Amino acid sequence: MTSRTDPNPIATFAVMIGAAMIIAVPSATAHLSAWAQLYGSILVYLAFIEYLGVALALVRWGVGHWRL
């Protein structure tokens, strides 16, 4: 059984970017209702859900590569 001592640098970058995106979510939630009135509620909320999905996928992918 072998163990990796150095994590993949791309996985580390993905986790850092994904975590930063997740940390930025609370600051954007205050503006969601204003954006929904300006641009349409369906478009804004679907984009917000997609943003969260990408952030979570980055973190999940990076952690998955760390665990190999």
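You'll find the structure just up there.
As the structure is a computational prediction, the values presented were derived from the model and not from experiment.

## Quick look at the packing of helix 3 (residues 32-39) against helix 4 (residues 41-66)
Okay, so step 1: Interhelical geometry of helix 3 versus helix 4 gives an angle of 135° and a closest axis separation of 7 Å. Compared by their axis directions, helix 3 and helix 4 come out oblique. Taken together, the residues of helix 4 that come into contact with helix 3 (itself represented by Leu32, Ser33, Trp35, Ala36 and Tyr39) are Ser41, Leu43, Val44, Tyr45 and Phe48.
Okay, so step 2: For the contact of helix 3 with helix 4, the per-class residue count stands at 8 nonpolar, 2 polar and no charged.

## Let's talk about the environment of leucine 38
Okay, so step 1: On the secondary structure map, leucine 38 appears in helix 3.
Okay, so step 2: Linking leucine 38 and glycine 18, residues 20 residues apart in sequence, is a C-alpha distance of 27 Å.

## Quick look at a nonpolar patch on the surface
Okay, so step 1: Residues Trp35, Leu38, Tyr39 and Leu43 make up a contiguous nonpolar surface patch of about 490 Å² in total accessible area.
Okay, so step 2: It is helix 3 that provides the largest number of residues to the nonpolar patch, a total of 3 residues.
Okay, so step 3: Position of tyrosine 39 relative to the elements: it lies in helix 3.

## Focus on helix 4
Okay, so step 1: For helix 4, built from 26 residues, the straight-helix expectation of 38 Å at 1.5 Å per residue is met to within 8% by its first-to-last C-alpha distance of 38 Å.
Okay, so step 2: Of the residues making up helix 4, those classed as buried are Val44, Phe48, Ala55 and Gly62.
Okay, so step 3: Tucked into the core, helix 4 has its buried residues touching helix 1 (9-23), helix 2 (25-29) and helix 3.

Criteria and cut-off values
- Residues numbered from 1 in each chain as written.
- Predicted model: local features only at pLDDT ≥ 70, side-chain atom pairs only at ≥ 80, totals over all residues.
- Heavy atoms only, no water.
- Axes fitted to C-alpha atoms, helices over the stretch in contact; angles between N-to-C directions.
- Helix = DSSP H or I, 4+ residues; strand = E, 2+ residues; numbered from the N terminus.
- Parallel < 35°, antiparallel > 145°, perpendicular 65-115°, else oblique.
- Contact = heavy atoms within 4.5 Å.
- Nonpolar A, V, L, I, M, F, W, Y, C, P; charged D, E, K, R; others polar.
- Patch = residues over 30% accessible without salt bridge, like charges linked within 9 Å, V, L, I, M, F, W, Y side chains within 5 Å.
- Areas by Shrake-Rupley, 256 points an atom, 1.4 Å probe, with all protein chains shown as cover.
- Salt bridge = Lys/Arg side-chain N within 4 Å of Asp/Glu carboxyl O.
- Expected span 1.5 Å × (residues − 1).
- Buried < 20%, exposed > 50% of the residue type's maximum accessible area, 1.4 Å probe, protein only.

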